[in-house]
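Overview (structure and organization)
Here are the chains, one letter per residue:
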Amino acid sequence: MAQRLQITAAATDPALLDLPWSIPLEDWPADVLAALPRGISRHVVRFVRLSGRFLAVKEIGETVAHREYELLRALRRLGVPSVEPVGVITGRATPSGERLEAALITRHLQFSLPYRALFSQQLQPGTSARLVDALTVLLVRLHLTGFYWGDVSLSNTLFRRDAESFAAYLVDAETGDLHDALTPGQRAYDLDVARVNIIGELMDLEAGGLLEADVDPVEIGDRLVDRYSRLWDALTGIESFGAGDRWRVAERVDMLNELGFDVAELDIVTDVGGTTVSIQPKVVEAGHHARRLARLTGLSVEENQARRLLNDLDQFRAATDRQAEPEQRAARDWLDNVFEPTVHAVPEELRGKLEPAQMFHEMLDHRWFLSAEQQRDVPIHEAARSYVEHVLRKRPDEKRVLGVDTAALPRVALEPEV
Ligand SMILES: Nc1ncnc2c1ncn2[C@@H]1O[C@H](COP(=O)(O)OP(=O)(O)O)[C@@H](O)[C@H]1O
Ligand SMILES: [Mg+2]
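Residues numbered from 1 in each chain as written. Chains lettered and ligands numbered in written order. Predicted model: local features only at pLDDT ≥ 70, side-chain atom pairs only at ≥ 80, totals over all residues.

**Observations concerning the overall build of the chain**
When you go through the chain residue by residue, the secondary structure sums to eleven helices and twelve strands. In summary, the chain has a C-alpha radius of gyration of 24 Å against a globular reference of 22 Å for 418 residues, a match within 12%. Looking at the chain residue by residue over its 418 residues, the buried ones come to 33%. Across the chain, the fraction of contacts at a sequence separation of at least 24, relative to all contacts at a separation of at least 6, is 65%. (Helix = DSSP H or I, 4+ residues; strand = E, 2+ residues; numbered from the N terminus. Rg over C-alpha atoms; globule rule 2.2 N^0.38 Å. Buried ≥ 20, exposed ≤ 12 C-beta atoms within 10 Å, placed from the backbone. Contact = placed C-beta atoms within 7 Å.)

**Focus: the confidence of the model for the chain**
Averaged over every residue, the pLDDT of the chain is 91; the share at 70 or more is 95%. Per-residue pLDDT, averaged within each element of the chain, yields its smallest value for helix 2 (residues 115-119) (88) and its largest for strand 6 (residues 147-148) (98). Contacts from residues 401-418, a stretch scored under 50 in pLDDT, to residues over four places away or in other chains number 26 contacts. (pLDDT = per-residue confidence, 0-100.)

**A word on the site of ligand 1**
Around ligand 1, 21 residues are found, and the nearest of them are Gly39, Ser41, His43, Ala56 and Asp172. Residues that form the shell around ligand 1 fall into these classes: seven nonpolar, eight polar and six charged. (Near = placed C-beta within 6 Å. Nonpolar A, V, L, I, M, F, W, Y, C, P; charged D, E, K, R; others polar.)

**So, the sheet that holds strand 11 (residues 261-270)**
Read from one edge to the other, the open sheet built from three strands follows the order 10-12-11, with strand pairing classed as antiparallel. Both edges of this open sheet fall to strand 10 (239-242) and strand 11, since each of them pairs with a single strand only. Each strand axis lies, on average, 30 degrees off the axis of its neighbour in the sheet, ignoring direction. Both strand 11 and strand 12 (residues 276-286) contribute to a ladder of nine bridges, which runs antiparallel. Pairing of Asp262 across the sheet is with Glu285, part of strand 12. In the packing of helix 6 (residues 247-258) onto the sheet, contacts are made with strand 10, strand 11 and strand 12, and the angle to strand 11 comes to roughly 155 degrees. (Pairing = 2+ DSSP bridges. Axes fitted to C-alpha atoms, helices over the stretch in contact; angles between N-to-C directions.)

Laid out in structure tokens, this is it:
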């Protein structure tokens, strides 16, 4: 019996049909697969290269595949960091007519690392705390949009470097549910699951000798709960003050900006006599600095990378005495004369090691280090050269490839159906 494939996708790439759908994913030939770091999973998950991009394929029940696909689409629409769904394949069967499970296809998140891959590299102190801090922000953002995750864990999250920190992306939405708003009970439940899972995952690393020394998994689990509560309160709490203290409105907005959030809607209510004012943010959007940088330069980067780049831009304006000029014009010059030449000076073969904005961030660190060492202001292009030779060359490639030259993988020919 021939298989009758069905593709559900927003924009179907016909090359999807070239993949060997009549074979169980577990047995796909090595020449279609891309060797990328992969986290722990319940289902079979594999990476493939197709039409010049990398995709993740997960074998999963049909109903669940469609559900997860729709949830991921909704999350993308809501602007929450998650993997991008590409499509669902159903109707798979082997040549002998045996039915195969459906497949959910997502786009491989470039430069993302599963947490276990991070722990197998040389560790910076504080890595687990920084991962959990990133997951905290993600969880708060999900809850703000009404998304209940159900299975919050490090394994269901992907991490990208974001200056000194990490940015977390949701990868597994299978157990999730989208509501208008979550009840405190739903949020507490998700938070509890997160805490228990994270403690378990860190204990597992500890048992394997992979965790940093002096890290207590339970403390990190508690840190998540504590940070979550503080961020949630800062973003959603009601604040009241005397009518004369209006400056506190601006202060609240500044504080939220500093946390990386923009206030799209703020409720301001006075009591009947007008003596007290209460404010409560109603709609907040993450990415305050990233959005500002994008407006000025068109660069699309993570939030903390954006803070760093904006700082450098400020210094550029001060150093070139341009504060009186429109910010937009100085930003353009900074982009053309500082950022782009610096990252373009990195040899082609080293560019897959880190994202450009992350490289630039590390170059700034390196410049600071060189300047302190040599007691002079080292120019960025000089620092960049030194960084490439002494730091970047020694780093592992984080764009995608671990061990295999995936660019050289041949495409699979479409097998005629019988
Ligand atoms: N789009 C993607 N980009 C990068 N890695 C992915 C992607 N999709 C899945 N993975 C990797 O596969 C692992 C398992 O995926 P997941 O959806 O959690 O499967 P399961 O439902 O079986 O737990 C993830 O931890 C991640 O490392
Ligand atoms: Mg999972």
